[in-house]
Amino acid sequence: MRKPLLAGAMALALLAPSYALAASGTKSGSTATMTRSNRADATTQNFLDKAWNINNFEIQAGREAQNKANTQEFLDYARRIVRDHTNMDNELKPIVQQDRLNVPNALDKEHQNLLQQLSSMTGARFEERFRTQQIDGHEKAVKLFESYAKNGQNPELKRWAHSAIPTLENHLRDAKALPRGAQGTHAER
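Residues numbered from 1 in each chain as written. Predicted model: local features only at pLDDT ≥ 70, side-chain atom pairs only at ≥ 80, totals over all residues. Heavy atoms only, no water.

*Asks:* I'd like a description of the overall build of the protein, backed by residues and values.
*Replies:* Scanning the protein for helices and strands turns up 7 helices and 0 strands. Each helix and strand of the protein, ordered N terminal to C terminal, gives the series α-α-α-α-α-α-α. Excluding contacts between residues fewer than 6 apart, the proportion of contacts in the protein whose partners are at least 24 apart in sequence is 75%. Element-wise, carbon and sulfur atoms account for 54% of the exposed surface of the protein, whose accessible area totals about 11100 Å². (Helix = DSSP H or I, 4+ residues; strand = E, 2+ residues; numbered from the N terminus. Contact = heavy atoms within 4.5 Å. Areas by Shrake-Rupley, 256 points an atom, 1.4 Å probe, with all protein chains shown as cover.)

Shown next, in the form of structure tokens:
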């Protein structure tokens with residue numbers, strides 16, 4: 001009687017760790033691969049990665065402009081950018097947590113390079129580069145957010161993207177209205 005009972009207990013002891021591991025992976029989605037494959041389709045993850053990078057770049061670029069800009073128009077614009085993109089980030093966080101989505105933990109190379117360009121400049125050159133980056137970045141952001149708001153799979157992210165479009169359009173309009181720097185040779189968009 002003891003041998004079958006002991007054999008059954010040993011079998012359960014051997015199976016328990018693999019069952020616990022499988023259960024934790026499927027219930028909590030604790031690994032990045034598990035979360036991405038179970039929680040976000042490729043289009044949603046692509047949007048989320050790009051939106052997060054855009055948003056966090058704008059916050060950092062705006063802070064850089066608050067420290068380096070020479071004119072009041074740039075300082076006011078930079079404050080608005082930091083405020084609005086911080087608000088967008090705060091609205092995104094609960095969606096990411098609720099749906100167990102993954103976001104990057106650092107800027108991608110493209111946005112790191114853009115930020116590096118800004119940090120290496122001062123004065124009118126800084127303002128012109130900042131202005132150009134703001135126009136280019138917000139044109140791309142508006143298209144990205146409009147596309148996901150229309151075609152995305154995650155309903156909460158679609159609502160977030162849709163609600164962010166007016167802010168992004170205002171940023172684009174205001175970036176185009178910033179004064180041209182002394183080195184402003186780029187054609188107006």
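*Asks:* Explain the confidence of the model for the protein to me, using residue names and the numbers behind them.
*Replies:* Of the residues in the protein, 75% reach a pLDDT of 70 or more, and the chain-wide mean stands at 82. Of the regions scoring below 50 in pLDDT, residues 2-38 engages in 20 contacts with residues more than four places distant in sequence or in other chains. The low-confidence segment residues 183-189 (pLDDT under 50) makes 15 contacts with residues lying over four places distant or belonging to another chain. (pLDDT = per-residue confidence, 0-100.)

*Asks:* A description of the nonpolar core should follow, citing residues and the corresponding values.
*Replies:* Membership of the largest hydrophobic core comes to 22 residues, with the highest contact counts inside it found for F47, F145, L157 and W160. Listing elements by their share of this core, those giving two or more residues are helix 3 (42-68), helix 4 (72-99), helix 6 (123-151) and helix 7 (155-177). The contact partners of L157, leaving out residues within four places of it in the chain, are T44, F47, L48, L92, I95, L101 and Y148. If you look at the next biggest cluster of nonpolar residues, it comprises 20 residues, including F57, A61, L107 and A175. (Core = buried A, V, L, I, M, F, W, Y, C linked by side-chain atoms within 4.5 Å. Buried < 20%, exposed > 50% of the residue type's maximum accessible area, 1.4 Å probe, protein only.)

*Asks:* Tell me about helix 3, and name the residues and values.
*Replies:* Over its 27 residues, helix 3 runs 38 Å from end to end, which matches the ideal 39 Å to within 8%, given 1.5 Å per residue. Its side-chain oxygen 3.1 Å from the backbone nitrogen of T43, D41 forms the N-cap of helix 3. (Expected span 1.5 Å × (residues − 1). Polar contact = N/O pair within 3.5 Å; in protein donor to acceptor, adjacent residues only side chain to side chain.)

*Asks:* Any chance you could break down helix 4 for me, citing the residues and the numbers?
*Replies:* In this model, helix 4 (28 residues) spans 41 Å end to end at C-alpha, consistent with the 40 Å of a helix rising 1.5 Å per residue. Positive backbone phi, at 55 degrees, marks R100, one or two positions downstream of helix 4.

*Asks:* Pulling in residues and values, what's your account of the packing of aromatic side chains?
*Replies:* Evaluated as defined, the whole model comprises 7 aromatic pairs. With 5.2 Å between their ring centres and 75 degrees between their planes, F47 and F145 make a pair best called edge-to-face. Of this pair, F47 sits in helix 3 while F145 sits in helix 6, and the two are 98 residues apart along the sequence. With respect to burial, F47 and F145 carry one shared label: buried. Centroid distance F145 to W160: 5.3 Å. Interplanar angle 45 degrees. Geometry classified as tilted. With F145 in helix 6 and W160 in helix 7, the pair connects residues that are 15 residues apart, well separated along the chain. (Phe/Tyr/Trp six-rings, centres within 6.5 Å; stacked < 30°, edge-to-face > 60°.)

*Asks:* Talk me through the side chain of E127; I want residue IDs and the actual numbers.
*Replies:* Within the secondary structure, E127 sits in helix 6. Those residues in contact with E127, other than ones at most four positions away along the chain, are A69, N70, T71 and F74.

*Asks:* Give a detailed account of the packing of helix 3 against helix 7, specifying residues and quantitative values.
*Replies:* Helix 7 packs onto helix 3 with a crossing angle of 40 degrees between their chain directions and a minimal axis gap of 11 Å. As summarised for this structure, helix 3 and helix 7 are arranged oblique, according to the angle between their axes. As for how helix 3 packs across helix 7, the hand of that crossing is left-handed. Of the residues in helix 7, those touching helix 3 at T44, F47, L48 and A51 are L157, W160 and A161. Considered class by class, the residues forming the contact of helix 3 with helix 7 number 6 nonpolar, 1 polar and no charged. (Axes fitted to C-alpha atoms, helices over the stretch in contact; angles between N-to-C directions. Parallel < 35°, antiparallel > 145°, perpendicular 65-115°, else oblique. Left-handed = near helix turned anticlockwise from the far one by under 90°. Nonpolar A, V, L, I, M, F, W, Y, C, P; charged D, E, K, R; others polar.)

*Asks:* Help me get a handle on unusual backbone geometry, residues and values and all.
*Replies:* The backbone of R100 sits at a positive phi, close to 55 degrees, despite the residue not being glycine. You can see R100 is positioned in the loop between helix 4 and helix 5 (109-119).

*Asks:* Requested: an account of the environment of E146, with residues and values cited.
*Replies:* Its location among the elements puts E146 in helix 6. Accessibility expressed as a relative area gives 37% for E146, which makes it partly exposed. For E146 and S163, which are 17 residues apart along the polypeptide, the C-alpha to C-alpha distance reads 10.0 Å. Dropping the residues within four chain positions of it, E146 is found in contact with I165 and E169.

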